[in-house]
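Here is what each chain is made of, one letter per residue.
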Amino acid sequence: MDVVEPGREKTEREKAIDDWLPVSASRTAKWYYSAFHNVTAMVGAGVLSLPYAMSNLGWGPGVTLILLSWIITLYTLWQMVEMHEMVPGKRFDRYHELGQYAFGEKLGLYIVVPQQILVDVSTCIVYMVTGGKSIKKIVDALFPEQHHLSLTSCIFIFSSPHFCLSIFPSINFNSLSFISFAAAVMSLTYSTIAWTASLARGPLPNVSYMLRGSSSTANTFNFFNAMGDIAFAYAAHNVVLEIQATIPSTPENPSKKPMWKGVVFAYIVVALCYFPVAFIGYHTFGNVVEDNILLALEKPTWLITLANAFVLVHVVGSYQVFAMPVFDMVESFLVKSMKFDPSNTLRRTTRILFVALTMFIGMTFPFFGGLLGFFGGFALAPTTYFLPCIIWLIVRKPKRFSFSWFINWLFIVLGVALMALAPIGGMRNIILSAKTYRFYQ
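Residues numbered from 1 in each chain as written. Predicted model: local features only at pLDDT ≥ 70, side-chain atom pairs only at ≥ 80, totals over all residues. Heavy atoms only, no water.

Under the annotation held in an unreviewed UniProt entry, the protein chain carries the name Amino acid transporter transmembrane domain-containing protein and is attributed to Castilleja foliolosa. What UniProt records for the protein chain under Subcellular location (unreviewed entry) is the sentence "Cell membrane". (UniProt positions renumbered as here; feature names shortened; annotations may be inferred.)

Below you can see the structure in the form of C-alpha coordinates.
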(Lines give C-alpha, C1' and ligand atoms only; values in the text may rest on other atoms or scores of the structure.)
Protein backbone atom coordinates (compact mmCIF):
# COMPACT_ATOMS: atom_id res chain seq x y z
CA MET A 1 0.00 0.00 0.00
CA ASP A 2 2.09 2.83 -1.27
CA VAL A 3 1.63 6.20 -2.91
CA VAL A 4 3.22 6.76 -6.30
CA GLU A 5 5.19 9.99 -6.21
CA PRO A 6 3.65 12.76 -8.36
CA GLY A 7 5.43 12.89 -11.70
CA ARG A 8 6.60 9.24 -11.61
CA GLU A 9 5.03 6.93 -14.15
CA LYS A 10 3.65 3.64 -12.90
CA THR A 11 5.30 0.43 -14.04
CA GLU A 12 3.40 -2.09 -16.14
CA ARG A 13 2.97 -4.33 -13.09
CA GLU A 14 1.59 -1.43 -11.01
CA LYS A 15 -0.88 -0.60 -13.78
CA ALA A 16 -1.93 -4.24 -14.03
CA ILE A 17 -2.47 -4.42 -10.27
CA ASP A 18 -4.53 -1.20 -10.31
CA ASP A 19 -6.71 -2.69 -13.05
CA TRP A 20 -7.18 -5.82 -10.93
CA LEU A 21 -7.91 -4.26 -7.53
CA PRO A 22 -11.65 -3.72 -6.82
CA VAL A 23 -11.45 0.04 -6.10
CA SER A 24 -9.44 1.16 -9.13
CA ALA A 25 -10.51 -1.53 -11.61
CA SER A 26 -13.14 0.66 -13.29
CA ARG A 27 -13.54 4.44 -13.63
CA THR A 28 -16.79 4.70 -15.56
CA ALA A 29 -19.20 5.58 -12.73
CA LYS A 30 -21.76 8.39 -13.03
CA TRP A 31 -22.72 10.92 -10.38
CA TYR A 32 -25.77 8.91 -9.38
CA TYR A 33 -23.55 5.88 -8.68
CA SER A 34 -21.95 8.08 -6.03
CA ALA A 35 -25.38 8.91 -4.65
CA PHE A 36 -26.39 5.23 -4.46
CA HIS A 37 -23.16 4.16 -2.78
CA ASN A 38 -23.23 7.02 -0.26
CA VAL A 39 -26.87 6.39 0.70
CA THR A 40 -26.19 2.67 0.99
CA ALA A 41 -23.09 3.27 3.12
CA MET A 42 -24.72 5.79 5.44
CA VAL A 43 -28.40 4.91 5.87
CA GLY A 44 -28.26 1.50 7.51
CA ALA A 45 -28.38 0.05 10.96
CA GLY A 46 -27.77 3.47 12.47
CA VAL A 47 -31.08 5.03 11.42
CA LEU A 48 -33.05 2.33 13.23
CA SER A 49 -31.34 3.15 16.53
CA LEU A 50 -31.87 6.92 16.42
CA PRO A 51 -35.14 6.92 18.46
CA TYR A 52 -33.32 4.81 21.06
CA ALA A 53 -30.49 7.35 21.09
CA MET A 54 -33.07 10.11 21.58
CA SER A 55 -34.45 8.26 24.62
CA ASN A 56 -31.00 8.45 26.22
CA LEU A 57 -30.50 12.11 25.32
CA GLY A 58 -33.90 13.79 25.66
CA TRP A 59 -35.45 16.22 23.22
CA GLY A 60 -33.01 19.11 23.47
CA PRO A 61 -29.64 17.31 23.32
CA GLY A 62 -31.02 14.65 20.96
CA VAL A 63 -32.26 17.05 18.29
CA THR A 64 -29.12 19.17 18.65
CA LEU A 65 -26.67 16.27 18.26
CA ILE A 66 -28.48 14.71 15.29
CA LEU A 67 -28.67 18.00 13.39
CA LEU A 68 -25.11 19.00 14.35
CA SER A 69 -23.76 15.64 13.19
CA TRP A 70 -25.53 16.06 9.85
CA ILE A 71 -23.82 19.45 9.37
CA ILE A 72 -20.36 18.38 10.57
CA THR A 73 -20.23 15.20 8.53
CA LEU A 74 -21.46 16.94 5.38
CA TYR A 75 -18.63 19.46 5.82
CA THR A 76 -15.94 16.81 6.38
CA LEU A 77 -17.28 14.80 3.45
CA TRP A 78 -16.92 17.91 1.26
CA GLN A 79 -13.32 18.22 2.43
CA MET A 80 -12.51 14.68 1.36
CA VAL A 81 -14.14 15.14 -2.04
CA GLU A 82 -12.07 18.31 -2.55
CA MET A 83 -8.82 16.61 -1.50
CA HIS A 84 -9.24 13.61 -3.80
CA GLU A 85 -7.35 15.36 -6.64
CA MET A 86 -5.59 18.24 -4.94
CA VAL A 87 -2.20 17.11 -6.35
CA PRO A 88 -2.06 17.62 -10.15
CA GLY A 89 -1.83 14.30 -11.96
CA LYS A 90 -2.55 12.24 -8.86
CA ARG A 91 -5.76 10.77 -7.44
CA PHE A 92 -6.00 9.65 -3.82
CA ASP A 93 -8.17 6.62 -4.51
CA ARG A 94 -8.01 5.32 -0.95
CA TYR A 95 -8.26 6.92 2.48
CA HIS A 96 -4.80 5.71 3.48
CA GLU A 97 -3.24 7.30 0.38
CA LEU A 98 -4.56 10.68 1.49
CA GLY A 99 -3.23 9.96 4.98
CA GLN A 100 0.20 9.07 3.56
CA TYR A 101 0.33 12.35 1.67
CA ALA A 102 -0.55 14.33 4.81
CA PHE A 103 1.43 12.47 7.47
CA GLY A 104 4.17 10.71 5.52
CA GLU A 105 4.31 7.34 3.82
CA LYS A 106 4.79 5.16 6.92
CA LEU A 107 3.06 7.30 9.56
CA GLY A 108 0.07 7.80 7.27
CA LEU A 109 -0.40 4.05 7.04
CA TYR A 110 -0.08 3.59 10.79
CA ILE A 111 -2.64 6.34 11.47
CA VAL A 112 -5.26 5.63 8.81
CA VAL A 113 -5.20 1.91 7.94
CA PRO A 114 -5.97 0.54 11.46
CA GLN A 115 -8.84 3.01 11.85
CA GLN A 116 -10.25 2.32 8.40
CA ILE A 117 -10.05 -1.44 8.84
CA LEU A 118 -11.67 -1.16 12.28
CA VAL A 119 -14.53 0.91 10.84
CA ASP A 120 -15.15 -1.37 7.88
CA VAL A 121 -14.88 -4.61 9.83
CA SER A 122 -16.97 -3.38 12.77
CA THR A 123 -19.65 -2.04 10.43
CA CYS A 124 -19.81 -5.38 8.61
CA ILE A 125 -20.17 -7.14 11.98
CA VAL A 126 -23.03 -4.84 12.98
CA TYR A 127 -24.70 -5.48 9.62
CA MET A 128 -24.37 -9.22 10.19
CA VAL A 129 -26.29 -8.77 13.45
CA THR A 130 -28.81 -6.40 11.82
CA GLY A 131 -29.45 -8.80 8.94
CA GLY A 132 -29.83 -11.74 11.30
CA LYS A 133 -32.27 -9.87 13.52
CA SER A 134 -34.32 -8.80 10.48
CA ILE A 135 -34.57 -12.43 9.31
CA LYS A 136 -35.63 -13.53 12.80
CA LYS A 137 -38.26 -10.79 12.97
CA ILE A 138 -39.66 -11.83 9.57
CA VAL A 139 -39.80 -15.53 10.49
CA ASP A 140 -41.37 -14.83 13.89
CA ALA A 141 -44.03 -12.61 12.30
CA LEU A 142 -44.91 -14.98 9.47
CA PHE A 143 -44.88 -18.19 11.55
CA PRO A 144 -45.85 -17.15 15.09
CA GLU A 145 -46.95 -20.67 16.09
CA GLN A 146 -43.83 -22.44 14.86
CA HIS A 147 -40.57 -23.13 16.65
CA HIS A 148 -38.53 -19.98 16.07
CA LEU A 149 -35.09 -19.88 14.53
CA SER A 150 -32.25 -18.84 16.81
CA LEU A 151 -30.49 -15.55 16.15
CA THR A 152 -27.29 -17.51 15.46
CA SER A 153 -29.05 -19.44 12.69
CA CYS A 154 -30.47 -16.23 11.25
CA ILE A 155 -27.04 -14.60 11.13
CA PHE A 156 -25.73 -17.67 9.29
CA ILE A 157 -28.59 -17.38 6.79
CA PHE A 158 -27.78 -13.69 6.26
CA SER A 159 -24.13 -14.53 5.56
CA SER A 160 -25.09 -16.92 2.73
CA PRO A 161 -25.46 -14.31 -0.06
CA HIS A 162 -22.11 -12.80 0.91
CA PHE A 163 -20.42 -16.18 0.62
CA CYS A 164 -22.06 -16.51 -2.80
CA LEU A 165 -20.90 -13.06 -3.92
CA SER A 166 -17.36 -13.94 -2.80
CA ILE A 167 -17.28 -16.65 -5.44
CA PHE A 168 -17.51 -14.06 -8.23
CA PRO A 169 -14.05 -12.45 -8.48
CA SER A 170 -15.12 -9.85 -11.05
CA ILE A 171 -17.23 -7.94 -8.52
CA ASN A 172 -15.71 -4.52 -7.79
CA PHE A 173 -16.92 -1.19 -6.44
CA ASN A 174 -18.30 -0.06 -9.78
CA SER A 175 -20.18 -3.29 -10.46
CA LEU A 176 -21.93 -2.93 -7.09
CA SER A 177 -23.93 0.03 -8.41
CA PHE A 178 -27.07 -2.03 -9.07
CA ILE A 179 -26.92 -3.58 -5.59
CA SER A 180 -26.36 -0.11 -4.11
CA PHE A 181 -29.32 1.28 -6.04
CA ALA A 182 -31.60 -1.44 -4.69
CA ALA A 183 -30.22 -0.92 -1.19
CA ALA A 184 -30.67 2.87 -1.37
CA VAL A 185 -34.31 2.48 -2.42
CA MET A 186 -34.85 -0.01 0.38
CA SER A 187 -33.36 2.34 2.98
CA LEU A 188 -35.68 5.18 2.01
CA THR A 189 -38.63 2.79 1.96
CA TYR A 190 -38.14 1.11 5.33
CA SER A 191 -37.30 4.43 6.98
CA THR A 192 -40.56 5.84 5.64
CA ILE A 193 -42.45 2.80 6.92
CA ALA A 194 -40.84 3.19 10.35
CA TRP A 195 -41.86 6.80 10.87
CA THR A 196 -45.28 6.60 9.16
CA ALA A 197 -46.21 3.49 11.18
CA SER A 198 -45.08 5.27 14.34
CA LEU A 199 -47.08 8.35 13.40
CA ALA A 200 -50.18 6.27 12.63
CA ARG A 201 -49.90 4.46 15.94
CA GLY A 202 -49.66 7.66 17.93
CA PRO A 203 -47.93 8.17 21.28
CA LEU A 204 -48.23 5.33 23.79
CA PRO A 205 -50.59 5.84 26.72
CA ASN A 206 -48.72 7.68 29.47
CA VAL A 207 -45.67 8.01 27.21
CA SER A 208 -42.69 9.41 29.10
CA TYR A 209 -39.80 11.45 27.71
CA MET A 210 -37.74 11.25 30.88
CA LEU A 211 -34.30 9.73 30.33
CA ARG A 212 -34.57 5.93 30.34
CA GLY A 213 -31.81 5.25 32.87
CA SER A 214 -32.73 4.17 36.41
CA SER A 215 -30.10 6.43 38.00
CA SER A 216 -28.01 9.47 37.21
CA THR A 217 -24.99 7.19 36.65
CA ALA A 218 -26.93 5.05 34.18
CA ASN A 219 -28.16 8.15 32.38
CA THR A 220 -24.59 9.43 32.04
CA PHE A 221 -23.34 6.18 30.51
CA ASN A 222 -26.44 5.97 28.29
CA PHE A 223 -25.78 9.54 27.13
CA PHE A 224 -22.27 8.52 26.07
CA ASN A 225 -23.62 5.44 24.28
CA ALA A 226 -26.20 7.54 22.43
CA MET A 227 -23.44 9.77 21.13
CA GLY A 228 -21.87 6.67 19.60
CA ASP A 229 -25.21 5.60 18.13
CA ILE A 230 -25.47 8.92 16.31
CA ALA A 231 -21.85 8.76 15.15
CA PHE A 232 -22.48 5.30 13.71
CA ALA A 233 -25.38 6.69 11.70
CA TYR A 234 -23.00 8.92 9.70
CA ALA A 235 -20.54 6.38 8.38
CA ALA A 236 -19.93 7.00 4.66
CA HIS A 237 -16.60 8.82 5.00
CA ASN A 238 -14.64 5.63 5.32
CA VAL A 239 -15.47 4.68 1.73
CA VAL A 240 -15.91 8.09 0.08
CA LEU A 241 -12.51 8.27 -1.64
CA GLU A 242 -12.94 4.70 -2.85
CA ILE A 243 -16.34 5.66 -4.28
CA GLN A 244 -14.89 8.75 -5.97
CA ALA A 245 -12.11 6.61 -7.47
CA THR A 246 -14.69 4.94 -9.72
CA ILE A 247 -15.67 8.27 -11.37
CA PRO A 248 -13.77 9.36 -14.51
CA SER A 249 -11.80 12.61 -14.27
CA THR A 250 -10.15 15.09 -16.62
CA PRO A 251 -8.62 18.53 -15.94
CA GLU A 252 -11.70 20.10 -17.52
CA ASN A 253 -14.17 17.88 -15.65
CA PRO A 254 -12.62 16.72 -12.36
CA SER A 255 -14.33 13.92 -10.49
CA LYS A 256 -15.18 16.19 -7.56
CA LYS A 257 -18.03 17.82 -9.53
CA PRO A 258 -20.15 14.69 -10.11
CA MET A 259 -19.04 13.26 -6.77
CA TRP A 260 -20.25 16.30 -4.84
CA LYS A 261 -23.52 16.25 -6.77
CA GLY A 262 -24.03 12.66 -5.65
CA VAL A 263 -23.09 13.53 -2.05
CA VAL A 264 -25.63 16.36 -1.87
CA PHE A 265 -28.34 14.07 -3.24
CA ALA A 266 -27.35 11.42 -0.71
CA TYR A 267 -27.47 13.84 2.22
CA ILE A 268 -30.95 14.99 1.23
CA VAL A 269 -32.03 11.34 1.36
CA VAL A 270 -30.26 10.99 4.71
CA ALA A 271 -32.24 13.93 6.11
CA LEU A 272 -35.50 12.43 4.79
CA CYS A 273 -34.68 9.16 6.52
CA TYR A 274 -33.01 10.21 9.77
CA PHE A 275 -34.98 13.16 11.06
CA PRO A 276 -38.53 11.74 10.82
CA VAL A 277 -37.46 8.31 12.16
CA ALA A 278 -35.60 9.81 15.12
CA PHE A 279 -38.11 12.44 16.14
CA ILE A 280 -41.41 10.69 15.37
CA GLY A 281 -40.17 7.33 16.71
CA TYR A 282 -39.17 8.95 20.00
CA HIS A 283 -42.40 10.95 20.13
CA THR A 284 -44.38 7.70 19.79
CA PHE A 285 -42.56 5.40 22.22
CA GLY A 286 -40.69 7.76 24.52
CA ASN A 287 -38.16 6.13 26.83
CA VAL A 288 -39.39 2.55 26.24
CA VAL A 289 -38.41 2.43 22.57
CA GLU A 290 -36.34 -0.55 21.42
CA ASP A 291 -32.76 -0.13 20.17
CA ASN A 292 -34.18 -1.05 16.74
CA ILE A 293 -37.35 0.93 16.06
CA LEU A 294 -38.81 -1.81 13.86
CA LEU A 295 -38.70 -4.22 16.81
CA ALA A 296 -40.99 -1.85 18.72
CA LEU A 297 -43.56 -1.80 15.92
CA GLU A 298 -45.81 -4.88 15.87
CA LYS A 299 -48.78 -3.85 13.71
CA PRO A 300 -49.79 -3.93 10.97
CA THR A 301 -47.88 -7.21 10.83
CA TRP A 302 -47.60 -7.33 7.05
CA LEU A 303 -46.17 -3.81 6.87
CA ILE A 304 -43.57 -4.34 9.60
CA THR A 305 -42.60 -7.66 8.04
CA LEU A 306 -42.18 -5.91 4.70
CA ALA A 307 -40.07 -3.20 6.33
CA ASN A 308 -37.77 -5.82 7.84
CA ALA A 309 -37.46 -7.44 4.41
CA PHE A 310 -36.39 -4.06 3.03
CA VAL A 311 -33.84 -3.74 5.84
CA LEU A 312 -32.53 -7.16 4.90
CA VAL A 313 -32.02 -6.18 1.25
CA HIS A 314 -30.41 -2.91 2.27
CA VAL A 315 -27.86 -4.36 4.69
CA VAL A 316 -26.81 -6.91 2.07
CA GLY A 317 -25.77 -3.96 -0.10
CA SER A 318 -24.30 -2.00 2.81
CA TYR A 319 -22.19 -4.95 3.88
CA GLN A 320 -20.69 -5.20 0.40
CA VAL A 321 -19.96 -1.45 0.21
CA PHE A 322 -18.02 -1.53 3.50
CA ALA A 323 -16.37 -4.86 2.74
CA MET A 324 -14.99 -3.70 -0.61
CA PRO A 325 -12.27 -1.38 0.83
CA VAL A 326 -11.16 -4.24 3.11
CA PHE A 327 -10.96 -6.56 0.13
CA ASP A 328 -8.97 -3.90 -1.70
CA MET A 329 -6.51 -3.39 1.18
CA VAL A 330 -5.97 -7.10 1.81
CA GLU A 331 -5.61 -7.95 -1.87
CA SER A 332 -3.31 -4.95 -2.38
CA PHE A 333 -1.10 -6.08 0.52
CA LEU A 334 -0.92 -9.64 -0.77
CA VAL A 335 0.00 -8.75 -4.36
CA LYS A 336 2.19 -5.69 -3.67
CA SER A 337 3.96 -6.52 -0.42
CA MET A 338 3.75 -10.31 -0.31
CA LYS A 339 4.25 -10.62 -4.10
CA PHE A 340 1.36 -13.01 -4.68
CA ASP A 341 0.15 -13.19 -8.26
CA PRO A 342 -3.24 -11.51 -8.80
CA SER A 343 -5.62 -14.41 -9.26
CA ASN A 344 -9.26 -15.37 -8.83
CA THR A 345 -8.28 -18.04 -6.30
CA LEU A 346 -6.53 -15.46 -4.11
CA ARG A 347 -9.54 -13.15 -4.32
CA ARG A 348 -12.08 -15.85 -3.50
CA THR A 349 -10.05 -17.11 -0.54
CA THR A 350 -9.59 -13.70 1.10
CA ARG A 351 -13.24 -12.72 0.65
CA ILE A 352 -14.66 -15.99 1.95
CA LEU A 353 -12.40 -15.79 5.02
CA PHE A 354 -13.53 -12.21 5.70
CA VAL A 355 -17.22 -13.12 5.49
CA ALA A 356 -16.61 -16.08 7.80
CA LEU A 357 -14.79 -13.88 10.33
CA THR A 358 -17.52 -11.21 10.51
CA MET A 359 -20.19 -13.92 10.67
CA PHE A 360 -18.45 -15.64 13.60
CA ILE A 361 -17.99 -12.41 15.58
CA GLY A 362 -21.58 -11.35 14.87
CA MET A 363 -22.86 -14.71 16.11
CA THR A 364 -20.73 -14.48 19.24
CA PHE A 365 -21.50 -10.86 20.23
CA PRO A 366 -24.90 -9.87 18.79
CA PHE A 367 -25.37 -6.85 21.12
CA PHE A 368 -26.83 -4.39 18.63
CA GLY A 369 -27.19 -1.30 20.83
CA GLY A 370 -23.84 -1.67 22.57
CA LEU A 371 -22.01 -2.41 19.32
CA LEU A 372 -23.34 0.76 17.71
CA GLY A 373 -22.29 2.94 20.62
CA PHE A 374 -18.86 1.39 21.07
CA PHE A 375 -17.83 1.25 17.43
CA GLY A 376 -19.56 4.54 16.62
CA GLY A 377 -17.34 6.40 19.04
CA PHE A 378 -14.14 4.40 19.02
CA ALA A 379 -13.94 3.66 15.30
CA LEU A 380 -16.14 6.02 13.29
CA ALA A 381 -15.57 9.29 15.14
CA PRO A 382 -11.93 9.68 14.01
CA THR A 383 -12.40 8.87 10.32
CA THR A 384 -15.69 10.77 10.05
CA TYR A 385 -15.60 13.74 12.42
CA PHE A 386 -12.03 14.96 12.83
CA LEU A 387 -9.39 13.15 10.75
CA PRO A 388 -10.49 14.97 7.55
CA CYS A 389 -10.16 18.28 9.45
CA ILE A 390 -6.64 17.43 10.62
CA ILE A 391 -5.57 16.49 7.09
CA TRP A 392 -7.17 19.68 5.74
CA LEU A 393 -5.19 21.81 8.20
CA ILE A 394 -1.96 20.05 7.20
CA VAL A 395 -2.31 20.14 3.42
CA ARG A 396 -4.41 23.26 2.84
CA LYS A 397 -2.88 25.33 5.65
CA PRO A 398 -5.70 27.85 6.19
CA LYS A 399 -4.67 31.16 7.71
CA ARG A 400 -4.49 31.06 11.48
CA PHE A 401 -7.69 32.26 13.21
CA SER A 402 -9.51 32.38 9.86
CA PHE A 403 -13.01 30.90 9.67
CA SER A 404 -11.69 27.70 8.06
CA TRP A 405 -8.98 27.35 10.71
CA PHE A 406 -11.45 27.95 13.54
CA ILE A 407 -14.20 25.62 12.27
CA ASN A 408 -11.76 22.77 11.66
CA TRP A 409 -10.29 23.04 15.16
CA LEU A 410 -13.79 23.19 16.64
CA PHE A 411 -14.80 19.99 14.86
CA ILE A 412 -11.53 18.32 15.90
CA VAL A 413 -12.26 19.08 19.57
CA LEU A 414 -15.85 17.82 19.28
CA GLY A 415 -14.72 14.70 17.43
CA VAL A 416 -12.04 13.82 19.98
CA ALA A 417 -14.56 14.27 22.80
CA LEU A 418 -16.94 11.93 20.97
CA MET A 419 -14.18 9.35 20.47
CA ALA A 420 -13.25 9.47 24.15
CA LEU A 421 -16.74 9.33 25.69
CA ALA A 422 -18.95 7.22 23.40
CA PRO A 423 -17.05 3.90 23.74
CA ILE A 424 -17.44 4.08 27.54
CA GLY A 425 -21.22 3.93 27.27
CA GLY A 426 -21.12 1.33 24.51
CA MET A 427 -18.82 -0.98 26.45
CA ARG A 428 -21.01 -0.70 29.55
CA ASN A 429 -24.08 -1.73 27.51
CA ILE A 430 -22.18 -4.68 26.02
CA ILE A 431 -21.13 -5.83 29.51
CA LEU A 432 -24.69 -5.52 30.84
CA SER A 433 -26.07 -7.46 27.86
CA ALA A 434 -23.41 -10.16 28.21
CA LYS A 435 -24.45 -10.88 31.81
CA THR A 436 -27.73 -12.45 30.70
CA TYR A 437 -26.64 -13.70 27.28
CA ARG A 438 -26.10 -17.35 26.40
CA PHE A 439 -23.62 -17.79 23.55
CA TYR A 440 -24.99 -19.01 20.19
CA GLN A 441 -28.56 -19.03 21.49
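Picking up after the structure, the text goes on.
Participant: Give me the nonpolar core: which residues, what numbers.
Facilitator: Across soluble globular proteins, nonpolar side chains have a tendency to be buried as a group. Within the largest apolar cluster, 115 residues are counted, with the highest numbers of intra-cluster contacts made by Ile66, Tyr234 and Tyr274. Among the elements that line this core, the one with the most residues is helix α11 (residues 256-285), at 15 residues. Each residue touching tyrosine 234, except ones within four places of it in the same chain, is listed here: Met42, Ile66, Ser69, Trp70, Thr73, Tyr267, Val270, Tyr274, Phe275, Leu380, Thr384 and Tyr385. Ile17, Trp20, Leu21 and Leu346 belong to the second largest nonpolar core, which has six residues in total. (Core = buried A, V, L, I, M, F, W, Y, C linked by side-chain atoms within 4.5 Å. Buried < 20%, exposed > 50% of the residue type's maximum accessible area, 1.4 Å probe, protein only. Helix = DSSP H or I, 4+ residues; strand = E, 2+ residues; numbered from the N terminus. Contact = heavy atoms within 4.5 Å.)

Participant: So what's going on with the packing of helix α2 (residues 31-42) against α11? Residues and values would help.
Facilitator: It is at 7 Å that the axes of α2 and α11 come closest, and there the two elements cross at 35°. For the element pair α2 and α11, the recorded crossing hand is right-handed. Of α11, the residues touching α2 (which contributes Trp31, Ser34, Ala35, Asn38, Val39 and Met42) are Pro258, Met259, Lys261, Gly262, Val263, Phe265, Ala266, Tyr267, Val269, Val270 and Tyr274. Of the residues belonging to the contact of α2 with α11, the class tally is 13 nonpolar, three polar and one charged. (Axes fitted to C-alpha atoms, helices over the stretch in contact; angles between N-to-C directions. Left-handed = near helix turned anticlockwise from the far one by under 90°. Nonpolar A, V, L, I, M, F, W, Y, C, P; charged D, E, K, R; others polar.)

Participant: Pulling in residues and values, what's your account of the pattern of salt bridges?
Facilitator: Across all of its chains, the model carries eight salt bridges by this definition. Lysine 136 is the salt-bridge partner of aspartate 140, the closest N and O atoms lying 3.7 Å from each other. Here aspartate 140 pairs with lysine 136, and both are found in helix α6 (residues 105-142), just four residues apart, close to one helical turn. Two residues, glutamate 331 and arginine 347, come together in a salt bridge whose shortest N-O distance is 3.1 Å. In this pair, glutamate 331 is assigned in helix α13 (residues 301-337) and arginine 347 in helix α14 (residues 344-364), connecting sequence segments 16 residues apart. Among the charged side chains, a salt-bridge network with shared partners connects Lys90, Arg94, Glu97 and Asp328. (Salt bridge = Lys/Arg side-chain N within 4 Å of Asp/Glu carboxyl O.)

Participant: Outline unusual backbone geometry, supporting the account with residue identities and numerical values.
Facilitator: Even without glycine at this site, lysine 339 takes up a positive phi of about 65°. Position of lysine 339 relative to the elements: it lies in the loop between α13 and α14. For lysine 339, a relative accessible area of 57% corresponds to the exposed category. If you check the backbone angles, phenylalanine 401 has positive phi at about 70° while not being a glycine. We classify phenylalanine 401 as exposed; its relative accessible area is 63%.

Participant: Explain the packing of aromatic side chains residue by residue, including any values.
Facilitator: In total, this model carries 21 aromatic pairs according to the counting rule given. Ring plane angle 50° and centroid distance 6.2 Å describe the contact between tyrosine 319 and phenylalanine 354, whose orientation is recorded as tilted. Of this pair, tyrosine 319 sits in helix α13 while phenylalanine 354 is found in helix α14, placing the two residues 35 residues apart along the sequence. Accessibility expressed as a relative area gives 0% for tyrosine 319, which makes it buried. Following the ring pairs from residue to residue traces out a cluster consisting of Trp31, Tyr32, Tyr33, Phe36, Phe181 and Phe265. (Phe/Tyr/Trp six-rings, centres within 6.5 Å; stacked < 30°, edge-to-face > 60°.)

Participant: Give me helix α9 (residues 216-233): which residues, what numbers.
Facilitator: The end-to-end C-alpha separation of α9 is 26 Å, in line with the 26 Å expected for 18 residues at 1.5 Å each. Burial runs high along α9: 13 of the 18 residues are buried. (Expected span 1.5 Å × (residues − 1).)

Participant: A description of a nonpolar patch on the surface should follow, citing residues and the corresponding values.
Facilitator: On the surface, a nonpolar cluster with roughly 330 Å² of combined accessible area is contributed by Leu68, Phe406, Leu410 and Leu414. For the nonpolar patch, the leading source of residues is helix α16 (residues 403-435), giving three residues. Note on placement: leucine 410 falls in helix α16. Given the relative accessible area of 35%, leucine 410 is considered partly exposed. (Patch = residues over 30% accessible without salt bridge, like charges linked within 9 Å, V, L, I, M, F, W, Y side chains within 5 Å. Areas by Shrake-Rupley, 256 points an atom, 1.4 Å probe, with all protein chains shown as cover.)

Participant: Please provide a residue-by-residue account of α13, values included.
Facilitator: For α13, which comprises 37 residues, the first-to-last C-alpha distance of 53 Å matches the rise-based estimate of 54 Å (1.5 Å per residue) to within 8%. Of all the bends in α13, the largest measures some 30° and sits at alanine 323, one to four residues before the proline proline 325. A large share of α13 lies buried, amounting to 28 of its 37 residues. One or two steps after α13, the chain reaches lysine 339, where phi turns positive at roughly 65°. (Bend = angle between axes of the 7 residues up to and from the residue.)

Participant: Summarise the packing of α6 against helix α10 (residues 237-244); cite the residues concerned and give the values.
Facilitator: Relative orientation and spacing of two packed helices are given, respectively, by the angle between their axes and the distance between those axes. Remark: α6 packs on α10, axes separated minimally by 9 Å, with the N-to-C direction vectors making an angle of 100°. Judged on the interaxial angle alone, α10 and α6 are roughly perpendicular. Contact with α6, carried on its side by Gln116, Val119 and Asp120, involves Asn238, Val239 and Glu242 of α10 and no other residues of that element. Grouping the constituent residues of the contact of α6 with α10 by class yields two nonpolar, two polar and two charged. (Parallel < 35°, antiparallel > 145°, perpendicular 65-115°, else oblique.)

Participant: Describe the side chain of serine 122, and please don't skip the residues or the numbers.
Facilitator: With respect to the element layout, serine 122 can be found in helix α6. A distance of 3.0 Å separates a polar side-chain atom of serine 122 from the backbone oxygen of valine 119. (Polar contact = N/O pair within 3.5 Å; in protein donor to acceptor, adjacent residues only side chain to side chain.)

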